[in-house]
Amino acid sequence: MAPVIDASGLTHEYPDGTTAIRDVTLSIGANERVAVVGANGSGKSTLQLALGGLVDPSAGTVRYFDQTADAERVRDRLGVLLQDPDDYLFNTTVREDLEYGPAQLGMSRRVADERIARLAADLGLTDLLDRPPFRLSGGEKQRAAVASVLAFDPDVLLLDEPFGAVDARYRERIRKLVISHEGTVVVFTPSLDLAAELAERVIVVGQQGSIVADALAREILTDGELLRSNGLRPPATVRLFEGTLDDEEIPLTVAAARQYLVDERQ
Ligand SMILES: Nc1ncnc2c1ncn2[C@@H]1O[C@H](COP(=O)(O)OP(=O)(O)OP(=O)(O)O)[C@@H](O)[C@H]1O
């Protein structure tokens, strides 16, 4: 089966001469859940823009689905959530922002209305739908931006920092929506805790913008040396248990750690 995203030799240099990503080659299969992790400034957002077809890389190619290299042709199948929620919210009301993607896609009004009502309820936006987006708090804006990307049910989600300023309750809601998304998910984040929650495969971008590791989540998340040498910190549970448990046994999330402790006490 063709990969949903197939990038080869991607390099991107900004006009001021900064090389943000270097010779990145990666392939993402249908329904994979992947985290791209890296320190601040390592090039994650630039890689997201290049994979999402929103910047034209200085070198290399990205191919999608049926091997087209034309991101515009697959635009309505890619849900790209940029780091800044203000980039999505440009209509007069939150409702219009949420309706925009489904309308572009030609989704029936009934299906779109149902999806939007469900997402709004899940993300605590129901009472905010008639507000202008600029009158929302930071966390509310982030929730609205996530809802606007999920509203049109894209085949591939490319999510830069999906939790942003979101509080614990809505993090959990977003986590559930992302995990249950039927399709491919790629999350770009410096947080290995988030990677542990969401991904089965982790790609590490080094501080020079090239890929330094790409493997199953457990292998990367328990490799403290690899992570620390790339300006990253292992998930909290790994920091807690490393040195006391074997790598294969270390719980990667708080939920898994709690279960481990319960099992231990029995
Ligand atoms: N528009 C731009 N012009 C010039 N340099 C840029 C531009 N945007 C980003 N950069 C530089 O490119 C490099 C990669 O930036 P990028 O935003 O892709 O990193 P990141 O991994 O997403 O960082 P963060 O975790 O801080 O969001 C950095 O050195 C950054 O300063």
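Computed from a predicted structure; not experimentally measured.

Thresholds applied
Residues numbered from 1 in each chain as written. Predicted model: local features only at pLDDT ≥ 70, side-chain atom pairs only at ≥ 80, totals over all residues. Helix = DSSP H or I, 4+ residues; strand = E, 2+ residues; numbered from the N terminus. Rg over C-alpha atoms; globule rule 2.2 N^0.38 Å. Buried ≥ 20, exposed ≤ 12 C-beta atoms within 10 Å, placed from the backbone. Contact = placed C-beta atoms within 7 Å. Pairing = 2+ DSSP bridges. Right-handed = clockwise from strand over helix to strand, strands pointing away.

(A) Quick peek at the overall build of the protein chain. If you tally the helices and strands in the protein chain, you get 10 helices and nine strands. Taking 18 Å as the expected radius of gyration for a compact globule of 266 residues, we find that the protein chain reaches 19 Å, a close match to that expectation. Considered along the principal axes of its C-alpha atoms, the protein chain spans approximately 55 × 50 × 40 Å. Each of the 266 residues in the protein chain was classed as buried or not, and the buried ones make up 42%. Long-range contacts, defined here as pairs at least 24 residues apart, represent 65% of the contacts in the protein chain between residues at least 6 apart.

(B) Structural detail: the environment of Val-186. By secondary structure assignment, the location of Val-186 is in strand E7 (residues 184-189). Judged by the 27 C-beta atoms lying within 10 Å of it, Val-186 falls in the buried class. As a C-alpha pair, Val-186 and Thr-237 span 51 residues in sequence and 22 Å in three-dimensional space.

(C) Structural detail: the pairing of strand E6 (residues 156-160). Across the five residues of E6, five count as buried, placing the element largely inside the fold. With burial as the criterion, each face of E6 is covered, one bearing Val-156, Leu-158 and Asp-160 and the other bearing Leu-157 and Leu-159. As paired elements, E6 and E7 share five bridges and run parallel to each other. By the bridge assignment, Leu-158 is partnered in E7 with Val-186. Running through helix H5 (residues 168-179), the crossover from E6 to the neighbouring parallel element E7 is right-handed.

Honestly, that's just the spatial picture; any functional story needs more than this.
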